[in-house]
Amino acid sequence: MEKFVITGGRRLEGEVIISGAKNAAVAILPAVILSDGVCRIENIPGISDVAVIVRILYELGANVKVINKSTLEIDPRHIASHVVPADLTKRMRASSYFMGAMLGRFNKARIAPPGGCDFGVRPIDQHIKGFEALGARVVIDGGMVDASAERLVGNPVYLDVVSVGATINIMLAAVKARGLTVIENAAKEPHIVDLANFLNSMGADIMGAGTDVIKIRGVEHLSGVTYSIIPDQIEAGTYMVAAAATGGDVLVKNVIPKHLESITAKLEEAGATVEEFDEAVRIIGPSRPRHCNVKTMPHPGFPTDMQPQMATLLSVADGASIVTESVWDNRFRYVDQLTLMGAKIQVDGKVAVIQGVEGLTAAPLHATDLRAGAAMIIAGLMARGVTEIEDITHIDRGYEDVTAKFSALGADIRRVKIINPNLRKAAL
Ligand code: EPZ
């Protein structure tokens, strides 16, 4: 086991290069199953969630060749099984994308319900509604979700909630179905557009990705292609907030500034200066953040995956801020950690009222989930003293080379092995 040890109080300065988008990679890699040829995928982030997806592909029988640190060549032609290994599926939410991809290829899929970060109830009813609209019969059998159809047939699907996962899964299932599928009330996140671009480059016929109506006309074949994944909006946003929170001056490179607009607007409201370039943004932090209110919304609103980082910044703002979480039921579990550092935050259901304090002081912390873990790093960078963060495997799920990237910006952050106290006693 490992932990991060951070000595706070240093201003971040310099440049950071953003990796490929986690939430695009974990959709595009399972989508390769639909191809009739070899796919070369570039700009894949080196994170543990991607490692799990690649492991699943490998165990299903795909031939996976490592070309370099961020490029894989995947040949899915020998995959014969439609059953996804349960132990791996339970590790992450995005493993559910194998359901849509398997259905799209074999007209059947058998998979354990997906795991992932704990933000309260995480249903998949909208995914199932979509598969059923395409003619699949979906049953739960022996703790596994079983979906099958003679042949999937395109149909309209109206999503009751705007769901990223359901939109992606229905696209994957529909891309080779007979006829036209129309997803209404679809999610519009950048990774949905990236998946549609990938599928279209293979020969799919998808229109409207990035709007709330996506039209998918089924095709017979999808061919192998070379495709480069978009930069990670949330990793970029995390470094932007970290720069603002330390009063720093950071150039965040390899980004699509358009994807960052809601984050940029909020940081400017909080007193930061943000300059946009073609593929970079520069953030100059304020001497103290201004208070402001934040409400998370599906894209193009302020992303829920940036909520803990932004709330951490606002914990030292010059007044009271209200943060409303409107996507997940329970995404404020990290607040207790900030309170240990001296933050004044009251949570009532999906609303947090933050009374800004002058500064935070170091405390022993743990990462309650991926983005909360990133927020704890930001808190450690801001705080007076030495902060230790445990349970960092959550952070490794979504941030590549996190200590190297922060260190290059001048942060004092180290990854340290946790010595089991029982072992230490035995050694003495
Ligand atoms: C994706 O999760 C992301 N994960 C999450 O990012 C992100 O927080 C979320 O979208 C919202 O933007 C990946 O892309 C792998 P949803 P997903 O389906 O697809 C309800 C991160 O930190 N809902 O859009 O699971 C659900 O309960 C991760 O990178 C249903 O009711 O989210 C929630 O309230 C964490 N029924 C809302 O919709 C369903 O069938 C949005 O969920 C599906 C969802």
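Details of the structure are given in the entry above.
Residues numbered from 1 in each chain as written. Predicted model: local features only at pLDDT ≥ 70, side-chain atom pairs only at ≥ 80, totals over all residues. Heavy atoms only, no water.

**Q** Tell me what's going on with the packing of helix α8 (residues 233-245) against helix α9 (residues 261-269), and back it up with residues and numbers.
**A** Two quantities define a packed helix pair, namely the angle between the helix axes and the distance between the axes. Where α8 meets α9, the closest approach of the two axes is 10 Å, and the angle between their N-to-C directions is 10 degrees. When the axes of α8 and α9 are compared, the pair comes out roughly parallel. Of the residues in α9, those in contact with Gln233, Gly237, Met240, Val241 and Ala244 of α8 are Ile263, Thr264 and Leu267. Residue composition of the contact of α8 with α9, grouped by class: five nonpolar, three polar and no charged. (Axes fitted to C-alpha atoms, helices over the stretch in contact; angles between N-to-C directions. Helix = DSSP H or I, 4+ residues; strand = E, 2+ residues; numbered from the N terminus. Parallel < 35°, antiparallel > 145°, perpendicular 65-115°, else oblique. Contact = heavy atoms within 4.5 Å. Nonpolar A, V, L, I, M, F, W, Y, C, P; charged D, E, K, R; others polar.)

**Q** How would you summarise the sheet that holds strand β9 (residues 156-158) if you had to cite specific residues and measurements?
**A** The sheet built from four strands is open, its strands ordered β9-β10-β12-β11 with mixed pairing. With partners counted over all chains shown, the strands left at the sheet margins are β9 and β11 (205-207), one partner each. On average, each strand axis in the sheet is inclined to that of its neighbour by 15 degrees, with strand direction left out of account. By the bridge criterion, five bridges tie strand β10 (residues 180-184) to strand β12 (residues 213-217) in an arrangement that is antiparallel. Residue Thr181 lies in a different strand from β12, and its bridge partner there is Ile216. (Pairing = 2+ DSSP bridges.)

**Q** Got a sec to walk through the pattern of salt bridges? Specific residues and values, please.
**A** Applying the stated criterion to the full structure yields 27 salt bridges. Linking Arg11 and Glu13 is a salt bridge whose minimum nitrogen-to-oxygen distance equals 2.8 Å. Classification of Arg11 by relative accessible area gives partly exposed; the value is 39%. One salt bridge connects Glu235 with Lys405, and the closest N-O pair in it is separated by 2.7 Å. With Glu235 in helix α8 and Lys405 in helix α14 (residues 402-408), this residue pair connects regions lying 170 residues apart in the sequence. You can call Lys405 buried: its relative accessible area is 12%. A cluster of three or more residues bridged by salt bridges with shared partners is formed by Glu2, Asp396, Arg415 and Lys417. (Salt bridge = Lys/Arg side-chain N within 4 Å of Asp/Glu carboxyl O. Buried < 20%, exposed > 50% of the residue type's maximum accessible area, 1.4 Å probe, protein only.)

**Q** Give a detailed account of the sheet that holds strand β2 (residues 13-17), specifying residues and quantitative values.
**A** Strand order in the open sheet formed by four strands is β2-β14-β16-β15, and the pairing between neighbours is mixed. Each of the sheet's edge strands pairs with one partner strand only, and the pair in question is β2 and β15 (273-276). For this sheet, the mean angle separating the axes of adjacent strands, direction not counted, is 15 degrees. Bridge count between β15 and strand β16 (residues 280-284): four bridges; the pairing is antiparallel. By the bridge assignment, Glu275 is partnered in β16 with Arg282.

**Q** For the site of the ligand, give the residues involved together with the corresponding values.
**A** Every one of the 25 residues lining the ligand counts as a neighbour, but Ser163, Val164, Asp305, Val327 and Arg371 are closest to it. Taking Ser163, its side chain carries an N or O atom lying 2.7 Å from an oxygen atom of the ligand. In the complex, 90% of the free accessible area of the ligand, which totals 830 Å², lies under the protein chains. Secondary-structure elements contributing two or more residues to the shell around the ligand are α1 (22-31), α5 (125-133), α6 (164-174) and α12 (370-382). The greatest single-element share of the shell around the ligand, amounting to three residues, is contributed by α5. In terms of residue class, the shell around the ligand is made up of 12 nonpolar, six polar and seven charged. (Near = heavy atom within 4 Å. Polar contact = N/O pair within 3.5 Å; in protein donor to acceptor, adjacent residues only side chain to side chain. Areas by Shrake-Rupley, 256 points an atom, 1.4 Å probe, with all protein chains shown as cover.)

**Q** Can you lay out the nonpolar core for me, pointing to particular residues and giving the numbers?
**A** Of all hydrophobic cores here, the largest spans 78 residues; its most connected members are Ile41, Met171, Leu195, Phe198 and Leu199. With sequence-adjacent residues up to four places away left out, Leu199 is seen in contact with Ala31, Leu34, Met171, Leu172, Val175, Ala204, Ile206 and Leu222. In this structure, Ile263, Val274, Tyr334 and Ala383 belong to the second largest nonpolar core, which totals 70 residues. (Core = buried A, V, L, I, M, F, W, Y, C linked by side-chain atoms within 4.5 Å.)

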